[in-house]
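Read off the chains here:
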Amino acid sequence: MDTDVTAPADQSAAKTASKVSVQPGGPVRGTIRPPGSKSITNRALICAGMTPGQSHVTGALRSEDTAVMIDSLQRCGVQISVEAAGTQLNVNGDCWANRASSTVTERDCQELFIANSGTTVRFLTAALSAAGGHYQLQGVPRMHQRPIGDLIDALQPVQQGNLTALSADGCPPVLIQSQGWNGKTIQVGGSISSQYLSGLMMACPIAAGQLQAATGKPQSITVEVIGELVSKPYVDMTANVMRSFGAEVQLTYDDNATAEGVSATVTIDGNYQASQYAIEPDASAASYFWAAAAITGGEVTVEGLTPDAMQGDVGFCEVLAKMGCKLAVGSDSMTISGRASQGIDIDMNAISDTVQTLAVVALFADGPTRVRGVAHNRYKETDRIGDLATELRKLGARVDEHEDGLTITPPPQSASGSSLSPAVLETYHDHRMAMSLSLAGLRQPGVQILDPACTGKTYPQFFADLEALIGRPHRWSME
Ligand SMILES: O=C(O)C1=C[C@@H](OP(=O)(O)O)[C@@H](O)[C@H](O)C1
Ligand SMILES: C=C(OP(=O)(O)O)C(=O)O
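Rules used in this analysis
- Residue numbers here run from 1 along each chain, matching the order of that chain's written sequence.
- To label them, take the chains in the order written and letter them from A, then take the ligands in the order written and number them from 1.
- With pLDDT at 70 or above as the cut-off, local features in this predicted model cover only qualifying residues; side-chain atom pairs require 80 or more to be listed or tallied, and sums for whole chains, interfaces and linings still use all residues.
- Water and hydrogen atoms were dropped before computing side-chain values, which therefore reflect all heavy atoms in the structure.
- UniProt positions are given in the numbering used here, feature names are shortened, and annotations may be inferred rather than shown by experiment.
- A pocket, in this scheme, is an open set of points on a 1 Å grid over the protein atoms alone with protein on both sides within 12 Å along at least 5 of 7 lines, while a cavity is a set where a 1.4 Å probe fits but cannot get out; residues line either one if an atom lies within 4 Å of a point.
- When a residue's accessible area, from a 1.4 Å probe over protein chains only, is under 20% of the maximum for its type it is buried; when over 50% it is exposed; and in between it is partly exposed.
- In this analysis, two residues are considered to be in contact whenever any of their non-hydrogen atoms come within 4.5 Å of each other.
- To qualify as a helix, a DSSP run of H or I must reach at least 4 residues; to qualify as a strand, a run of E must reach at least 2; elements of each kind are numbered from the N terminus.
- Comment: arc refers to directions from the helix axis out to C-beta atoms.
- If even one non-hydrogen atom of a residue comes within 4 Å of a molecule or strand, that residue is called near it.
- Polar contact is defined as a pair of N or O atoms within 3.5 Å, subject to the rule that within protein one atom must be able to donate a hydrogen and the other to accept it, and that residues adjacent in sequence are counted only when both atoms are side-chain atoms.
- The accessible surface values rely on the Shrake-Rupley method and a 1.4 Å probe; as for residues, cover is taken only from the protein chains in view.
- If over half the atoms of a molecule are within 2 Å of the grid points of a cavity or pocket, the molecule is regarded as sitting in it.
- The classification used treats Ala, Val, Leu, Ile, Met, Phe, Trp, Tyr, Cys and Pro as nonpolar, Asp, Glu, Lys and Arg as charged, and all other residues, Gly among them, as polar.
- A domain assignment, automatic or from a database, supplies the domain bounds used here.
- Pairing of aromatic rings covers Phe, Tyr and Trp, the last counted by its six-membered ring, and requires centre-to-centre distances within 6.5 Å; plane angles under 30 degrees mean stacked, over 60 mean edge-to-face, and any other angle means tilted.
- Two conditions define a charge sitting above a ring: the NZ of Lys or the CZ of Arg must be within 6 Å of the ring centre, and it must be within 35 degrees of the ring normal.
- The disulfide definition used here is simple: a pair of cysteine sulfur atoms within 2.5 Å.
- Strands pair, by our definition, only if DSSP identifies at least two bridges between them.
- Interaxial angles span 0 to 180 degrees and are taken between N-to-C directions of axes, which are lines fitted to C-alpha atoms, for helices over the stretch in contact.
- For salt bridges, the criterion is a side-chain nitrogen of Lys or Arg within 4 Å of an Asp or Glu carboxyl oxygen.

Draft legend 1. Representation of the UniProt feature "binding site: phosphoenolpyruvate" (unreviewed entry) in the protein. Following the UniProt record, the feature "binding site: phosphoenolpyruvate" (unreviewed entry) maps to Lys38, Gly118, Arg146, Gln195, Arg384, Arg432 and Lys457 here. Considered against the largest cavity, the annotated residues that line it turn out to be Lys38, Gly118, Arg146, Gln195, Arg384, Arg432 and Lys457. Accessibility expressed as a relative area gives 1% for arginine 384, which makes it buried. When near neighbours in sequence (up to four residues on either side) are disregarded, arginine 384 contacts Asp353, Gln356, Asn377, Arg378, Asp430, His431 and Arg432.

Draft legend 2. Representation of helix 14 (residues 462-470). Buried within helix 14 we find Phe462, Phe463, Leu466, Glu467, Leu469 and Ile470. Considered in projection along helix 14, the buried side chains sweep an arc of 160° and stay on one side of the axis. Following helix 14 by one or two positions, glycine 471 has its phi on the positive side, about 80°.

Draft legend 3. Fine view of the site of ligand 1. Ligand 1 sits among 13 residues. The nearest are Ser39, Ser194, Ser231, Asp353 and Lys380. Between an oxygen atom of ligand 1 and a side-chain N or O atom of serine 194, the distance comes to 2.6 Å. Between ligand 1 and aspartate 353, the relevant distance is 2.6 Å, taken from an oxygen atom to a side-chain nitrogen or oxygen of the residue. Coverage of ligand 1 by the protein chains reaches 96% of its 390 Å² of free accessible surface. A molecule is said to occupy a pocket when more than half its atoms come within 2 Å of that pocket's grid points, and by this definition ligand 1 occupies the largest cavity. Looking at the shell around ligand 1, the elements with two or more residues in it are helix 2 (38-49) and helix 5 (118-131). Looking at the shell around ligand 1 residue by residue, the classes come out as two nonpolar, seven polar and four charged. Both domains that meet at the shell around ligand 1, namely domain 1 (3-34 + 281-478) and domain 2 (38-278), each give it at least three residues.

Draft legend 4. How the structure looks around the packing of aromatic side chains. Scanning all chains against the criterion turns up six aromatic pairs. Judged by centre distance (5.4 Å) and plane angle (35°), the rings of phenylalanine 245 and tyrosine 277 are tilted. Of this pair, phenylalanine 245 sits in the loop between helix 8 (232-244) and strand 13 (248-253) while tyrosine 277 sits in strand 15 (residues 276-278); the two residues are 32 residues apart in sequence, bridging distant segments of the chain. In this structure tyrosine 277 comes out as buried when scored by relative accessible area, which is 8%. Aromatic side chains tyrosine 459 and phenylalanine 462 sit 5.5 Å apart centroid to centroid with 75° between the ring planes, which places their arrangement in the edge-to-face category. Residues tyrosine 459 and phenylalanine 462 agree in their burial class; the two are buried. Site record: aromatic cluster; members linked through ring pairs are Tyr288, Phe289, Tyr459, Phe462 and Phe463. Here the basic side chain of lysine 232 rests over the ring of tyrosine 253, its NZ or CZ set 5.0 Å away from the ring centre.

Draft legend 5. Broad picture of the state of the cysteines. Counted under the stated rule, the structure contains zero disulfides. Free of any disulfide, cysteine 47 has its nearest neighbouring cysteine sulfur in cysteine 204, separated by 12 Å.

Draft legend 6. Representation of the sheet that holds strand 20 (residues 369-372) in the model. In space, the four strands of this open sheet follow the order 19-20-22-21, with mixed pairing throughout. This sheet does not close on itself; its edge strands, each paired only once, are strand 19 (345-347) and strand 21 (398-402). With strand direction ignored, the average angle separating the axes of adjacent strands in the sheet is 15°. Pairing between strand 21 and strand 22 (residues 405-409): five bridges, direction antiparallel. Following the sheet pairing, valine 399 is matched in strand 22 by isoleucine 408. The strands that helix 11 (residues 355-362) touches are strand 19, strand 20 and strand 22; relative to strand 20, the one it contacts most, it runs at about 170°.

Draft legend 7. Spotlight on the site of ligand 2. Among the 14 residues in the neighbourhood of ligand 2, the closest are listed as Lys38, Gly118, Arg146, Arg432 and Lys457. Between ligand 2 and the protein, one listed contact pairs an oxygen atom with a backbone N or O atom of threonine 119 at 3.2 Å. The contact in question runs from an oxygen atom of ligand 2 to an N or O atom on the side chain of glutamine 195, over 3.1 Å. Contact with the protein chains hides 98% of the accessible area of ligand 2, taken as 300 Å² for the molecule alone. The cavity where ligand 2 resides is the largest cavity. Broken down by secondary-structure element, the contributors of at least two residues to the shell around ligand 2 are helix 5 and helix 13 (431-438). Considered class by class, the residues forming the shell around ligand 2 number no nonpolar, six polar and eight charged. Mapped onto the domain boundaries, the shell around ligand 2 takes at least three residues apiece from domain 1 (3-34 + 281-478) and domain 2 (38-278).

Draft legend 8. Molecular detail of the pattern of salt bridges. All told, the structure shown has 17 salt bridges when counted by the stated rule. Arginine 372 is the partner of aspartate 345 in a salt bridge, and the nearest nitrogen-oxygen pair spans 2.7 Å. Pair noted here: aspartate 345 is in strand 19 and arginine 372 is in strand 20, with a separation of 27 residues, a long-range link. Shared partners join several salt bridges into a network, and the residues in it are Lys38, Asp65, Asp353, Lys380, Glu381, Arg384, Asp430, Arg432 and Lys457.

Rendered as structure tokens:
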């Protein structure tokens, strides 16, 4: 039996389709280069967009999360022209030069729409607070339930002016009325999201530039994380991108810090310089294609990524290797082959965007898989522990939900392959729910995914690329 994706023939149809299903088939074999990294694109946009001069970014991701970042920066006066189907960005931040932050707060409030993009709201809150001005950042209803209180609390002692999270429990919309920063050391919590620290780090050169203009002296700003810090590879990524744009970043971790102690210290010197910058393919997106090989016992090569990539999510290949797959590393590629046959016990704190991918792979392993260390997954596009458990149960797995993760116990395999159940699966406006759950259809007949267009948050072409990889004509169900 061949694998087959039932999906729309073109992306305009994708926007209106209500369901997609992937039909079971043989081993998936092929090569793919996913689109650019969302996380790196939005970092490059902040560094380039807040810097006077012309920067040139290649390999960028075009998706909803990057579109709202581009649109917000443009509304603030940054000039951004988009070429090569959205993958090349010419960014000019001259609008920030010679801008007196004491006068800009008098302007009309600039309303910015950030949809459900965590990176956009957290990075822009810090950057615009440092730059000064009057802004309101507003998103979709789920964004107004995603915490930003730790970032607001960190900024209150350093920002001159008012800063408020307008929803209950410290969630967006965010209202910023800022006259810049005072240069004091910043302390931030990191147990809910690393994006607060990343946003503060990227804002430091902006604030330092303004302080230097006012005092005539170079400024150095320090940020400390108090207690736990989740998703650490994203913090290393932030430091890397900042260095490429000319900032000096010293970053140290203390893995033995107590709950009240300082677990990370970042000291930032220097300003950004307009730069040329090339973006890696998205490693979280790549996880779906590696998983396709692991679920079907095939072989998939992802080009443009190696274990040296900036994105921690390339570590997903090591997880698959623990489950029994073979990992082959090329000069500019990573190949996963063979079936993921063993259940594992694994801490996914550092690579939490791949938990849903792993959960679907775990459905086809021979024993249970325990995922630990991802309590922060409850604050993402949806509750990625509770809602994930609900959908996996519909497929017939036993799922035990824990405070910090879940245990997935697949039903015993039948001789014909899968012993799961057909199911119509909800996606909760979560792109990763749609992309990961669709892979269950590679082995289990009758798996239908609702609202496939939600992949547009980070990967509008996902189902077209999946079809190209598994190599059969496809159709969308247009119900
Ligand atoms: O900094 C980033 O680019 C990201 C950090 C992670 O969030 P948390 O730090 O909230 O885990 C990740 O889930 C998100 O997709 C992107
Ligand atoms: C959590 C995610 O995104 P963000 O926090 O940037 O909205 C994600 O892309 O999985």
